[in-house]
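Chains, contacts and geometry: an overview
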Amino acid sequence: MRTIRIPAATVAAATTLALVLTACSGGGDTPEPEEGGGAVTIDAEHSVGAMEDFEVGTTFKATEPVDFSLMYRDHPNYPVKEDWSIFENLEANQNVTFTRTDVPLADWDNKKALLIGAGDASDLIPVTYPGQEVQFVSGGAILPVSDYLEYMPNFTDKVEKWGLGEELDAKRQADGKYYLLPGLREIPDVQYSVVVNDDLFQKAGITEEPETWDEFAEQLAAVKAANPELSYAMTDRWTDTQPLGAMLQYIAPNYGTEGGWGYSNTWFDEESGEFQLTGTTDAYKDMITYVAGLTSDGLLDPEITQNDDQAIQKFVNGEAAAISGNTQEITAYRSKLAEAGKDVTLRMIVLPDGPFGGMLAGSRLSSGLMISSEAAEKPYFKALLQFVDWLYYSDEGIEFAQWGVEGETYTNEGGTRTLPADIGWNALNPDAPKKLNADFGYSNGVFLLANGSSKELLQSVMTDETKAWTDAVLERKEMLPVKPAASLDELELEQTSLLDTQVKDAVMAATAGFVTGQRPLSEWDAYVSEIDGLGGTQLIDTYNAALTRSAG
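Residues numbered from 1 in each chain as written. Predicted model: local features only at pLDDT ≥ 70, side-chain atom pairs only at ≥ 80, totals over all residues. Heavy atoms only, no water.

**Re the domain arrangement of the protein**
Assigned domains within the protein: domain 1 (48–187 + 364–453) and domain 2 (192–361 + 483–551). Domain 1 puts ten residues into the contact, and the matching count from domain 2 is ten residues. When domain 1 packs against domain 2, the two sides together hide about 680 Å² of surface, and 59% of this comes from carbon and sulfur. A per-residue breakdown of the area domain 1 buries against domain 2 is headed by Ala170, Ala174 and Asn426, which together make up 48% of the total. (Domains from an automatic or database assignment. Contact = heavy atoms within 4.5 Å. Buried area = accessible area lost by both parts, 1.4 Å probe.)

See below:
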């Protein structure tokens, strides 16, 4: 297996050039959108290694050895190893090997853009989130995968069974096609919330979950009053690259907006049937006013540029009684508290409701993969599509990618999968000497798009605590409606790319100022004028024009 290793140093200028070339290349008029895209037949010349009877339930095995090129995101928590079980089993059982281009996680997005823009893309380009593919479409480097769905029976079966067609259609570009195979989830992805030191909460007499975010603020005030040694009732992490990235993301849907990591400039207003600039809506103002109130009342730590280690240390030291977390990080918090010799009870609150009700961000599409357009010229192209469909979308493939091989990395008794005592993953056997991802290559985002996809498989790797929390959130919450597609043409993409970035940067900077009190909320109208002056109105007008064109 030949491997190319890309160094971690970022060539910023080259990456920027690659993005510009990708966005501006191509010529001619933009074709009218086609419903469902086209359908392309793969001939025998490009079917080497493909199975003749591949369908839902079929185990893929190439009819002769095939080697696919793979752009591999190398994660520092589980650095790639040549002798991983996943590679050995895919070669033995699927007749598939990879020629990898290994790219360190820290440089992943930049190097990915550089390689694609330079025409050096691998056949398979995983760990790509919905929307990230748009910059590469006009350059012709990425395959319009919607043209080839007849060769992907597992993908189409899950889209139909789980009712994901509307969400997928929203990812179509101006030509009516989509260029990303996203991870598909049967249930929404719920991971993030507030982790609390339950001992301190109970000391304040708090034993019930907060029904609303306002009630949570009242709980924080009570905890602070009952525990005067606290510096703040809550400190927060995931703040050094984007202000309150996780916190605003999980609060925002309950206010009828988007925030934090989930922020985009385009909020679709169901009542008017048009896009609005998210960061200047009344709903966004209401959310920011709520969080700014936590800060001004001394409940939320105003140090929202601190790094994760600083925030976690405050929580572990007992300087704060709450911190953002998720279903994985709560295990890490417990480990750090144990290392510090502290016996503390932690729990993650069920996400409260807000003025907009109990809502979750409306998508069940997750990190997916792109396929290089040059792969369509390879003799193994049809086999490549069948392999992708099996590994990422079949029940058998995603179970293999998640758990590995029965008898080697797990056992299955009566439908309950169990890791051996010496193998751990996340909260499952956390102290085991071997890890399912680091030592075997499974449970690896490169080969597993939605961390399991089906509800049963997603919950198979959860602790009982996490399952109960997930079920409670899903029972309480509804999904926001899916944004309609507003497919920008090539010229519009070029015009809006810089506008979108500068407007978002300005919104994030103002958000940080408002939340910390460095900028008073009395300046909101002036802030809205600033955003308009940076092109906010022009940006939204362009999206609404594209929306009208798409609807027509």
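**Some remarks on the packing of aromatic side chains**
In this structure the tally under the stated criterion is 28 aromatic pairs. Here Trp238 and Trp261 contribute two aromatic rings whose centre-to-centre distance is 5.6 Å and whose plane-to-plane angle is 65°, an arrangement assigned as edge-to-face. Here the residue Trp238 occupies a position in the loop between strand E7 (232–234) and helix H9 (245–251), and Trp261 occupies one in the loop between H9 and strand E8 (266–269), the gap between them amounting to 23 residues. Residue Trp261 is classed as partly exposed on the basis of its relative accessible area of 31%. Three or more aromatic residues joined by ring pairs make a cluster, and in this case those are Phe54, Phe60, Phe68, Tyr72, Trp84, Phe87, Phe98, Tyr380, Phe387 and Phe447. Stacked on the ring of Tyr72, the Lys or Arg Arg100 has its end atom at 5.9 Å from the ring centre. In this structure, Arg237 packs its charged tip against the face of Trp238, placed 3.9 Å from the ring centre. (Phe/Tyr/Trp six-rings, centres within 6.5 Å; stacked < 30°, edge-to-face > 60°. Helix = DSSP H or I, 4+ residues; strand = E, 2+ residues; numbered from the N terminus. Buried < 20%, exposed > 50% of the residue type's maximum accessible area, 1.4 Å probe, protein only. Lys NZ or Arg CZ within 6 Å of the ring centre and 35° of its normal.)

**Considering the side chain of Gln306**
Residue position: Gln306 is located in the loop between helix H10 (282–296) and helix H11 (308–317). Of note is the side chain of Gln306, whose polar atom sits 3.4 Å from the backbone oxygen of Glu303. When residues no more than four places from it in sequence are discounted, the contact partners of Gln306 are Thr235, Asp236, Thr239, Asp240, Asp301, Ala311 and Lys314. (Polar contact = N/O pair within 3.5 Å; in protein donor to acceptor, adjacent residues only side chain to side chain.)

**Some remarks on a negative patch on the surface**
A grouping of Asp43, Glu45, Asp120, Glu374 and Glu377 is seen on the molecular surface, where their side chains present a negatively charged patch. Within the secondary structure, Glu45 sits in the loop between helix H1 (12–24) and strand E2 (66–74). (Patch = residues over 30% accessible without salt bridge, like charges linked within 9 Å, V, L, I, M, F, W, Y side chains within 5 Å. Areas by Shrake-Rupley, 256 points an atom, 1.4 Å probe, with all protein chains shown as cover. Salt bridge = Lys/Arg side-chain N within 4 Å of Asp/Glu carboxyl O. Lys, Arg positive; Asp, Glu negative; His and termini not counted. Charge placed at Lys NZ, Arg CZ, Asp CG, Glu CD.)

**A few points about the nonpolar core**
By size, the foremost hydrophobic cluster in this structure holds 84 residues, and its most contacted members are Phe98, Phe155, Tyr393 and Phe447. Among the elements that line this core, the one with the most residues is helix H13 (residues 381–393), at ten residues. Core analysis: the next-biggest nonpolar cluster, separate from the first, contains 73 residues, Val190, Ile288, Val291 and Ile330 among them. (Core = buried A, V, L, I, M, F, W, Y, C linked by side-chain atoms within 4.5 Å.)

**Some details on the packing of helix H17 (residues 490–516) against helix H19 (residues 536–551)**
One way to put it is that H17 packs onto H19 with a least axis distance of 9 Å and a crossing angle of 140°. It follows that H17 is oblique to H19 by the angle criterion. Here H17 runs over H19; the crossing is left-handed. Along the contact surface, H17 presents Glu492, Thr496, Leu499, Asp500 and Val503, while H19 presents Gly536, Gln538, Leu539, Thr542, Ala546 and Arg549. The residue makeup of the contact of H17 with H19, split by class, is four nonpolar, four polar and three charged. (Axes fitted to C-alpha atoms, helices over the stretch in contact; angles between N-to-C directions. Parallel < 35°, antiparallel > 145°, perpendicular 65-115°, else oblique. Left-handed = near helix turned anticlockwise from the far one by under 90°. Nonpolar A, V, L, I, M, F, W, Y, C, P; charged D, E, K, R; others polar.)

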